[in-house]
Amino acid sequence: MTVAALGLLLAISAPAPSAPTVVVFPLISEDAGARPTAKAVYNVLSRAAPFVTERRVLAGRALRARLHMNPRVILNGCRDDVNCLGRFGKRQRAAEVIVGHARSMEGGAVRVLFVVFDVGRGEISRKLVTEFASVREAKSVIGGNLYDILGITDPAFLEVSGIASDVPVLVDDVAAGNGPGSYEVRPGLRRVSIGELRRKVMLAPGATARLELAGAPGADAIAQAQTPLPPDDLPMEAENLADDEHDNQDEASESITAAATPLDWRPVVGISLIGTGVAAAVLGTYFGLHARSTRNQVDADTTQLQVYDAQQEIRRDERIATVGLALGAAAAAAGVAVLIWPRGDVEASAYVAGNGGAMMMLGGRF
């Protein structure tokens, strides 16, 4: 069959109004041979995350920015305890936490086991095994399984027109049917073959790709199609993300000696400011009353020297009273503001980590 022109229109679903949050941690490399593939896989997942409208995926730099630290500190501290990671995910208001384990196989292949922990139910909800013959397969394998990893099961649709009824339509080298029609396919990076045309196309869940074909050779439009995740946006080689710059150092030296516990800082700071304000106001009131008492003690029998000393004492007391009352009011107002200010995404976190010594990390986002 020859192809002259192909037009591709995509109907892409609008993002869900409240997409659930999914935390994807860097992959755990069980041996040095699997580490390059593990980095490549996590790199692809991190780059694909912004294109997934059905989930709010925290991975790569987005996760590091959220934590204000390398996520491997949390990962190494929890080790194989998925319940520990689940508790951490709950504090991040996540629906799921995903961790991958990479292991070298015979012949140089790498197998990755993705374990998904359902935060709400407090249990492992699913597992998915993927294999990579080489590091360069990270793009195609993750692209094909992206939505499976994230637990998105809605199908994508391929609507074909402009071809003869006997022309086979293949998806991932499996016959989907013959001729024009609507084909239900798995979402993700799919290999589509229609007659002589063979291309990889990223299909989003619920989206419909409409293919109109006609006539003579030359059409090559799928590569230019504006899909939810264009194939060229998935890198072929692994890149060292900021999260993995110190992998070796992290894995050798960092461990959590206290559970990662985000600190609800508002009540502590707010009440402290209000308490400080009250104390300053009490101090100011005391010195104000003391100044008045000193002024009342001055009478006709008071000597000139005593009057001078009293005036100096009154001025000092009045200055302290003014400053105390002003600071007290300001501190109390600030404390009330902290307590009643809309929470939004304001966060503060405290983590304690170390390797024989101790280290405290404090972070916040405003």
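Preceding block: the structure.
Every value quoted in this text rests on a predicted model; they were computed, and no experiment measured them. Each chain has its residues counted from 1, running along the sequence as written. In keeping with the model being predicted, local features are shown solely for residues with a pLDDT of at least 70 and side-chain atom pairs are shown and tallied solely at 80 or more, while totals for entire chains, interfaces and linings include all residues. Here the side-chain values reflect all heavy atoms present in the structure, with hydrogen atoms and water set aside.

Secondary structure elements follow DSSP: runs of H or I no shorter than four residues count as helices, runs of E no shorter than two count as strands, and numbering proceeds from the N terminus. Checked against the element boundaries, Leu67 lands in helix H2 (residues 60-67). Linking Leu67 and Gln92, residues 25 residues apart in sequence, is a C-alpha distance of 9.2 Å.

Without a salt bridge and with relative accessible area above 30%, a residue can belong to a patch; like charges are then joined within 9 Å and nonpolar side chains (Val, Leu, Ile, Met, Phe, Trp, Tyr) within 5 Å. Accessible surface area values rest on a Shrake-Rupley calculation with a 1.4 Å probe, where residue burial reflects the displayed protein chains alone. A carboxyl oxygen of Asp or Glu within 4 Å of a side-chain nitrogen of Lys or Arg is what we treat as a salt bridge. Residues Ile271, Val336, Leu339 and Ile340 make up a contiguous nonpolar surface patch of about 380 Å² in total accessible area. In terms of residue count, the dominant contributor to the nonpolar patch is helix H8 (residues 304-340) (three residues). With respect to the helices and strands, the residue Val336 is situated in helix H8. The exposure class of Val336 is partly exposed, given its relative accessible area of 40%. Buried means the residue's accessible area, taken with a 1.4 Å probe over protein chains only, is under 20% of the maximum for its type, while exposed means over 50%, and partly exposed covers the values in between.

This part is about the sheet that holds strand S10 (residues 174-178). One open sheet accounts for four strands, arranged S10-S9-S12-S13; its pairing is antiparallel. Each edge of the open sheet is held by one strand with a lone partner, namely S10 and strand S13 (197-203). Mean inter-strand twist for the sheet, computed between neighbouring axes without regard to direction, equals 25°. Relative to S13, strand S12 (residues 188-194) runs antiparallel, the two being bridged by seven bridges. If you follow Ser193 over to S13, its bridge partner there is Arg198. The criterion used for residue contact is that any of the two residues' heavy atoms lie within 4.5 Å. To obtain an axis, a line is fitted to C-alpha atoms, over the contacting stretch when the element is a helix, and the angle between two such axes runs from 0 to 180 degrees between their N-to-C directions. Along the sheet face, helix H5 (residues 138-149) touches S12 and S13 and points at about 105° away from the line of S12. Note on pairing: DSSP must find at least two bridges between two strands before they are called paired.

Below, the discussion takes up the nonpolar core. Residues Phe25 and Phe114 are the most contacted members of the largest nonpolar core, which totals 52 residues. The element contributing the most residues to this core is helix H1 (residues 35-48), with seven residues. Those residues in contact with Phe25, other than ones at most four positions away along the chain, are Tyr42, Leu63, Pro71, Ile74, Leu75, Leu85, Phe88, Val97, Ile98 and Val99. Joining through side-chain atoms within 4.5 Å is the link that ties buried Ala, Val, Leu, Ile, Met, Phe, Trp, Tyr and Cys residues into a set, and such a set is a nonpolar core.

Two elements in contact, helix H3 (residues 71-78) and helix H4 (residues 82-91), have axes separated by 8 Å at closest approach and are oriented at 140°. Taken together, the axes of H3 and H4 lie oblique to each other. In terms of crossing hand, the pair formed by H3 and H4 is right-handed. Contacts from Ile74, Leu75 and Cys78 in H3 reach Cys84, Leu85 and Phe88 in H4. Taken together, the residues of the contact of H3 with H4 break down into six nonpolar, no polar and no charged. Working definition: roughly parallel below 35 degrees, roughly antiparallel above 145 degrees, roughly perpendicular at 65 to 115 degrees, and oblique for all remaining angles. Each helix crossing is assigned a hand: it is left-handed if the near helix lies turned anticlockwise from the far helix by less than a right angle, otherwise right-handed if that turn is clockwise. Three categories are distinguished: nonpolar for Ala, Val, Leu, Ile, Met, Phe, Trp, Tyr, Cys and Pro, charged for Asp, Glu, Lys and Arg, and polar for the others, with Gly belonging to the last.

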